[in-house]
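In case you want the letters, here they are:
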Amino acid sequence: ELRGGGLVELATKSLLGQHELGAAAVAALLGRSREGLQRLDLSFNKLEPAAFAALFSALVGFSALELLDLSRNSLGLEGASELAPVLGGLDHLTNLNLSNTGLKAEGCRVLCLTLVDLPALIHLDLSTNGIGGEGARHVSA
């Protein structure tokens, strides 16, 4: 969605697949949309860890981003470790959907260390990640 000449919302459901090339193209587009992007939906793309580095590094400095949906991607511990440092700079993020991303307890722990620095976050979805009691303790800490 474009408003006032800038990209405000980008959704790529089932578009990227497992192709690093598609992730690189989206990362390049994100690099040109830093100022106004408010909603980024990359759910259902079956992204693998190799694609995360380019995508997440492109998110650095997105001051207006309010919603980030990475659900239904293979984030796991490796992806969580790539994402965590980027999250700390998303001061306006209110909604983070990481459901069904294979985080497990350790991936949850890595992310939760950064989530405490997100002042605007009001909705966090970690469902269907098998985080168990240990992961739940990380979230509540």
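Everything numeric here is computed off the predicted structure, so don't read it as measured data. (Residues numbered from 1 in each chain as written. Predicted model: local features only at pLDDT ≥ 70, side-chain atom pairs only at ≥ 80, totals over all residues. Heavy atoms only, no water.)

Trainee: Tell me about the overall build of the chain, and name the residues and values.
Mentor: Secondary structure assignment for the chain yields five helices and seven strands. Ordered by position in the sequence, the α and β elements of the chain form the string β-β-β-α-β-α-β-α-β-α-β-α. Counting over 141 residues, the chain shows a buried share of 43%. Taking the intrachain contacts of the chain between residues at least 6 apart in sequence as the baseline, contacts between residues at least 24 apart amount to 83%. In the structure as shown, the chain presents an accessible area of about 6800 Å², 55% of it carried by carbon and sulfur atoms. (Helix = DSSP H or I, 4+ residues; strand = E, 2+ residues; numbered from the N terminus. Buried < 20%, exposed > 50% of the residue type's maximum accessible area, 1.4 Å probe, protein only. Contact = heavy atoms within 4.5 Å. Areas by Shrake-Rupley, 256 points an atom, 1.4 Å probe, with all protein chains shown as cover.)

Trainee: I'd like a rundown of the layout of surface pockets, residues and numbers included.
Mentor: Rolled over the atoms, a probe with the dimensions of a water molecule shows which regions are left empty. Taken as a whole, the largest pocket holds about 160 Å³ of empty space. Residue lining of the largest pocket: Arg109, Cys112, Leu113, Leu115, Val116, Leu121, Leu124, His138, Val139 and Ala141, and that is the complete set. Residue assignment for the lining of the largest pocket shows that the elements contributing at least two residues are α4 (104–115) and α5 (132–140). When residues in the lining of the largest pocket are grouped by element, the largest group, four residues, is from α4. Along the lines of polarity and charge, the residues of the lining of the largest pocket split into eight nonpolar, one polar and one charged. (1 Å grid on protein atoms, 1.4 Å probe; cavity = no way out; pocket = protein on both sides within 12 Å on 5 of 7 lines; lining within 4 Å. Points joined across faces, edges and corners; volume = space filled by probe spheres on them. Nonpolar A, V, L, I, M, F, W, Y, C, P; charged D, E, K, R; others polar.)

Trainee: I'd love a proper account of the pattern of salt bridges, names of residues and values included.
Mentor: Summed over all chains, the structure comprises two salt bridges. One salt bridge connects Glu9 with Arg39, and the closest N-O pair in it is separated by 3.1 Å. Linking Glu9 in strand β3 (residues 9–11) with Arg39 in strand β4 (residues 39–41), this pair joins segments that are 30 residues apart in sequence. Of the residues examined, Glu9 reaches a relative accessible area of 28% and is grouped as partly exposed. A salt bridge links Arg109 to Glu106; its shortest N-O distance comes to 2.6 Å. In this pair, Arg109 and Glu106 both sit in helix α4, three residues apart, roughly one turn of the helix. Since its relative accessible area comes to 32%, Glu106 is described here as partly exposed. (Salt bridge = Lys/Arg side-chain N within 4 Å of Asp/Glu carboxyl O.)

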